[in-house]
Amino acid sequence: MIPPDAIEKVYASESGGIIPLQYEGAPLMSAGFLRPGDFAAVRGPMASAMVQQMLTTTEWGDLDVLLIDMPPGTGDIHLTVAQQAKVDAAIVVTTPQVLSLVDVEKGIRMFDQVKIPTVAIVENMSFFVCSSCGAQHEVFQRGAGEKLAEDFGIQRVFRFPLDSALSRPGLPYVLAASEGGSIDEFRRLASGAVAALEELRTRFQPGLRLEVNGALLILKTSETQEMAIPAREVLLECRSAKMRDEFTGKRLFREEDIPQNVVATKVSTAGRYAVNIDWSNSHKSLFSYDLLAQVAEASGQVWHAATASE
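First, a word on what this report is: a plain description of the structure on this page. Residue positions are counted from 1 within each chain, in the order its sequence is given. Reporting in this predicted model follows two pLDDT cut-offs: at least 70 for local features of residues, and 80 or more for side-chain atom pairs to be given and counted; totals over whole chains, interfaces and linings ignore these cut-offs and use all residues. Processing note: side-chain calculations cover all non-hydrogen atoms of the structure and skip hydrogens and water entirely.

1. Overview of the sheet that holds strand S16 (residues 304-305)
The strands making up a sheet associate through hydrogen bonds between their backbones, and the pairing can be parallel or antiparallel. DSSP bridges decide pairing: two strands pair if at least two such bridges lie between them. In DSSP terms, a helix is any run of H or I states spanning at least four residues, a strand is any run of E spanning at least two, and both are numbered starting from the N terminus. As summarised here, the arrangement of the four strands in space is S10-S11-S12-S16, forming an open sheet in which the pairing is antiparallel. Every other strand in the sheet has two partners, leaving strand S10 (208-213) and S16 as the edge strands with one partner each. The sheet contact formed by S10 and strand S11 (residues 216-221) spans six bridges and is antiparallel. Each residue of the ladder has a partner; that of Glu 211, found in S11, is Ile 218. When checking whether two residues touch, look at their non-hydrogen atoms; a contact exists if any pair is within 4.5 Å. Only the stretch in contact is used when a helix axis is fitted, and all axes are lines through C-alpha atoms; the angle between N-to-C directions ranges over 0 to 180 degrees. Contacting S10, S11 and strand S12 (225-230), helix H8 (residues 289-298) runs over the sheet at an angle of about 70° to S12.

In structure tokens form, the structure reads like this:
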């Protein structure tokens, strides 16, 4: 966030493009820079048109990375960005509250539908540090970001505290702070984002896939190894809100209520590290590949040479 006194009106260049605001060596563009200080309610189609204009006519110059800060939700602006720009990856931001998690999960699924991988989760307001004793206190339930990461197989989670220093006017926190506080986590976030982009550029693949074979689910690697897992054993380990308490992990069902003959009817990828599974009893699950491998190994399965597909 830049200080209000640094915001200036942006103007058109001789070629008709938008000259972005420059702040501390970084070009910035926002609808708020077009008429600083004014407020205008904008409907969806007009907002989409404004985003498209800023994306396509702003004269950014040579960039290493273009960061697009989007509002919460899964509306017109998100779809416009996905359609108008070649977005390499998404970093989603949540807070520990359940309602926030629900919205963020929808966002991850939307990005997956438009082929944008989610590579990291940022959890804001995770905790606060007592200024007197230095103890760390969890204001809300702990583990929200980690649960999202586990469900979708996302490798990177970053946690930021309730800290007034992050919103003080003046020089932005990441430029003003040299050590202590949240600066180390910001550095981890930046380096993690760069590493994720590099993985995508080198076409990193998880190397696992899931196939349905009657009452079995076959977990396969790219190295011609596989494990066969009884479908019912997989369903019993489902982490959905209908099956488990989201934060304690306690089962919310009786095992005898799960049909012995339940099978998976459909499997589809969810991002790069997870799969959606539809079941014959109408239930739907989301499993990361890591969790599937854990379920298989816990049930005594071992990797063996894959059989040829017919």
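Now that the structure is up, let's keep going.
2. Here we look at the environment of Arg 156
Tracing the backbone through its elements, the reader meets Arg 156 in the loop between helix H4 (144-152) and strand S9 (157-159). You can call Arg 156 buried: its relative accessible area is 17%. With 18 residues separating them in the primary sequence, Arg 156 and Val 174 have C-alpha atoms 20 Å apart. Those residues in contact with Arg 156 that lie beyond four places of it in its chain are Val 119, Ala 120, Ile 121, Gly 192, Ala 195, Ala 196 and Glu 199. Counted as a polar contact is a pair of N or O atoms within 3.5 Å, where, for protein atoms, one must be capable of donating a hydrogen and the other of accepting one, and residues adjacent in sequence contribute only when both atoms are in side chains. A polar contact of 3.1 Å, which involves the side chain of Arg 156, links it to the side chain of Glu 199. Each residue's exposure class comes from its accessible area (1.4 Å probe, protein chains only) as a fraction of the maximum for that residue type: buried when under 20%, exposed when over 50%, partly exposed otherwise.

3. Observations concerning the pattern of salt bridges
Salt bridges, as used here, are contacts in which a Lys or Arg side-chain nitrogen is within 4 Å of a carboxyl oxygen on Asp or Glu. A full pass over the atoms with the stated rule returns 20 salt bridges. Of the charged contacts, one joins Glu 138 and Arg 159 as a salt bridge, the two residues approaching to 3.1 Å between their closest N and O atoms. You can see Glu 138 sitting in the loop between strand S8 (136-137) and H4 and its partner Arg 159 sitting in strand S9, a full 21 residues away along the chain. What makes Arg 159 buried here is its relative accessible area of 14%. Notably, a salt bridge pairs Glu 255 with Arg 232, separated by 4.0 Å at the nearest N-O pair. Here Arg 232 lies in helix H7 (residues 231-236) and Glu 255 lies in the loop between H7 and strand S13 (264-270), a separation of 23 residues in the sequence. According to the relative accessible area criterion, Glu 255 is partly exposed, its value standing at 36%.

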